[in-house]
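Spelled out, the chains give:
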Amino acid sequence: MSNSGFVLRAALWCALVLLVPGAITAQQISSAPAGQQQQAAVANNLRLVIEGKVINVHDGDTVTVLDQDNKKFAIRLQGIDAPELKQEFGSVSQQNLSRMVLGRQVTIVWTKVDKYKRTVGTIMLDGHDMNIEQVRAGLAWHFKKYEDEQSPDDRRTYATAEQEARAATLGLWRTAAPTAPGDWRQEVKTKRWGPPPPEGTIIGNSNSKKYHRPDCAGYRDMAERNRVFFKSVAEAEAAGYKRAGNCPPEAQILRAKITPAPVQPQPIPTDMAPPKPSVMVPIKPQVAVPTLARESTPTTGQVIGNKNSKVYHLPGCSGYSRVSEKNQVKFETPLQAEAAGYRLAGNCSGGKTTEATVIASPSTADESTAPTPAAPPKASSVAAAPGSPTTPSDNKVIGNKNSKVYHLPGCAGYTRVSEKNQEKFNTAKEAEAAGYRLAGNCKSSN
């Protein structure tokens, strides 16, 4: 662009800004949401234009324009809808548009950018609207779905052009009832889909290794040759498939569907008799019987394991609700999780060996007849001095293959040895016979 041309454009823009209060630039309009672009242009009296050469005609309503700065623009012709290339008259429509504009210097008067990043506008050649020529030739429909984006005059002119082409049976109107491009695309998708699977079937894509539930957006968009059927999400994930990105987790769907009903305050009746005074009933003392919560007390709710980290979380732990759905494995108790090779998560203090209090029923425990509760066993009572442990522990003695030290139940590092480094022994003596020594943080107890 010459310096004089640049100065002229700059002067025109400055004049526009001064004359139109609150005027905005074309770049600002093009970056706005598609639905607001035309309103912004009209409100600021802006005529948004692109000048350049048509270098490609994709089909009967889409071209590529190269401007003076060698920048390419995909242009979607406003107000018309041409047949797809594979449709009847699709190639004829493309050839007619190519004959008119390919290789020509044109001006694109545009109003918005659509969701496919195409500039939507009208091709002007020597002051003539080339979009409507496609409608007049009977090689495009007046696109009534978006007619609100046209001016009232253009709307009437395009509708009249289609009626005249129909009356003259030009182009696609030689067919009694030509199929609109949108309907044709839907028919192609239905044919590609093939017979639907049984209700509730999970469909995997053998190419992308992603699966879709029936409620997911891409469920019916998969080519029949790529479909793999599964009876459940678990079966799909076991086969190595992952949930598609446009398929939200089932937990989110459930939360969206379940909306708690608002709690309405109940009116207080005024004709009720006053309540009778409560009678104080002496409560018999309760007897605490210490037990090991992790060994015998089942956890309320399900225990959730993480397939990746091989750790499990108890209800109430900070990481309990953070395990992604695809990595979850559920167990009824911590013992069941550990039997499957999972270990307690480090941020889950509730799973450590602690004393839980079981309250005996007042009807069976009386102050005068209740037995004296036995003293809780010390967690490290099986520990002996190094070199002479002979008493077998209630649980396995765990050795660390890397450090060649062993831990007794109740020791600080007992639950910290990673599964791949664990070696288990029945007694401390057996561990020492294998060349392991007692861990420094595992002292004997009196």
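For clarity, every value in this text was computed on a predicted model and none was experimentally measured. (Residues numbered from 1 in each chain as written. Predicted model: local features only at pLDDT ≥ 70, side-chain atom pairs only at ≥ 80, totals over all residues. Heavy atoms only, no water.)

## Comments concerning the pattern of salt bridges
As a reminder of what qualifies: Salt bridge, as used here: a side-chain nitrogen of Lys or Arg that lies within 4 Å of a carboxyl oxygen of Asp or Glu. Under the scheme used here, helices are H or I runs from DSSP no shorter than 4 residues and strands are E runs no shorter than 2 residues, and both carry numbers assigned from the N terminus.
A complete count under the given rule lists 11 salt bridges for this structure. A salt bridge links arginine 185 to glutamate 84; its shortest N-O distance comes to 2.4 Å. A residue pair is termed long-range when its members are at least 10 positions apart, and arginine 185 in helix H7 (residues 181-193) and glutamate 84 in the loop between strand E4 (80-81) and helix H4 (90-101) qualify at 101 residues. Several salt bridges share partner residues, and in doing so they unite Asp61, Arg76 and Asp81 into one network.

## Focus: the side chain of aspartate 81
Heads up, the rule is: Here's how the labels work: a residue is buried when its accessible area is under 20% of the maximum for its type, exposed when over 50%, partly exposed in between, all with a 1.4 Å probe on protein chains only. Polar contact is defined as a pair of N or O atoms within 3.5 Å, subject to the rule that within protein one atom must be able to donate a hydrogen and the other to accept it, and that residues adjacent in sequence are counted only when both atoms are side-chain atoms. It only takes one pair of heavy atoms within 4.5 Å for two residues to be counted as in contact.
Examined against the element boundaries, aspartate 81 turns out to sit in strand E4. Residue classification places aspartate 81 among the buried residues on the basis of a relative accessible area of 10%. A distance of 3.4 Å separates the side chain of aspartate 81 from the side chain of arginine 76, its partner in a polar contact. Sequence-distant contacts of aspartate 81, that is, excluding residues within four places in its chain, are made with Asp61, Arg76, Ala140, Trp141, Phe143 and Pro181.

## Overview of unusual backbone geometry
Of note, the phi angle at aspartate 126 is positive, near 55°, even though the residue is not glycine. Inspection of the secondary structure puts aspartate 126 in the loop between strand E6 (119-125) and strand E7 (128-129). A relative accessible area of 65% places aspartate 126 in the exposed class. Its identity is not glycine, yet lysine 404 carries a phi of approximately 55°, on the positive side.

## Details of the sheet that holds strand E14 (residues 303-306)
Pairing between the strands of a sheet comes from backbone hydrogen bonds, and it takes one of two forms, parallel or antiparallel. Quick note on the threshold: Note on pairing: two strands pair once DSSP finds at least 2 bridges between them.
Here we have four strands laid out as an open sheet, ordered E16-E14-E15-E17, and mixed in their pairing. A single partner strand is all that each edge strand has here, and the edge strands are strand E16 (328-331) and strand E17 (343-344).

## Things to note about the state of the cysteines
By definition, a disulfide links two cysteine residues through a covalent bond between their sulfur atoms. Condition: When the sulfur atoms of two cysteines come within 2.5 Å, that pair is taken as a disulfide.
Within the structure shown, the criterion is met by one disulfide. What pairs with cysteine 216 in a disulfide is cysteine 247, and their sulfur atoms sit 1.7 Å apart. Placement of cysteine 216 in the loop between strand E10 (210-212) and strand E11 (227-230) and of cysteine 247 in the loop between strand E12 (242-243) and helix H9 (250-257) is noted, with a sequence separation of 31 residues between them. Both residues of the pair, cysteine 216 and cysteine 247, count as buried.

## A word on H4
Spelled out, the test is: A helix is expected to reach a length of 1.5 Å times the quantity of its residues less one. Working definition: the arc comes from the directions between the helix axis and the C-beta atoms, pointing outward to the latter.
Spanning 12 residues, H4 covers 17 Å between terminal C-alpha atoms, matching the ideal 16 Å at 1.5 Å per step. For H4, the full list of buried residues reads Gly90, Ser93, Asn96, Leu97, Met100 and Val101. Around the axis of H4, the buried residues are gathered within 130° of arc, so they sit on the same side. Residues of H4 that are exposed and angled more than 90 degrees away from the buried face: Gln95 and Arg99. The inward-facing, buried residues of H4 contact strand E1 (49-59), strand E2 (62-67), strand E3 (72-77), E6 and helix H5 (131-136). Just downstream of H4 lies glycine 103, where phi reads positive at about 80°.

## Re the sheet that holds strand E9 (residues 202-205)
Pairing is mixed across the open sheet formed by four strands, whose spatial order is E11-E9-E10-E12. With one partner strand each, in any of the chains shown, E11 and E12 form the two edges of the open sheet. As paired strands, E10 and E12 are joined by two bridges and run parallel to one another. When the sheet's bridge partners are listed, tyrosine 211 is paired in E12 with arginine 243.

## So, the confidence of the model for the protein
The line we're drawing: pLDDT expresses, on a scale from 0 to 100, how confident the predictor is about each individual residue.
Averaged over every residue, the pLDDT of the protein is 76; the share at 70 or more is 67%. For residues 17-27, every residue scores under 50 in pLDDT, and the model assigns this stretch 17 contacts once sequence neighbours within four places are set aside. Ignoring residues within four places in sequence, the model shows residues 350-393, a span with pLDDT below 50, making 65 contacts including any to other chains.

## Focus: helix H6 (residues 152-167)
An α-helix turns once every 3.6 residues. As a result, residues three or four positions apart point the same way. Compared with the 22 Å implied by 1.5 Å per residue over 16 residues, the 23 Å span of H6 between its first and last C-alpha is a close match. Tyr158, Ala159, Ala161, Glu162 and Ala165 are the residues of H6 that are buried. Along H6, the residues classed as buried sweep out an arc of 155° about the axis, all on the same side. Set apart from the buried face of H6 by more than 90 degrees, the exposed residues are Asp153, Arg156, Gln163, Glu164 and Ala167. Contacts from the buried residues of H6 go to E4, E6, E7, H5 and strand E8 (141-142). Of the residues flanking the end of H6, it is threonine 169, one or two places downstream, whose phi is positive at about 45°.

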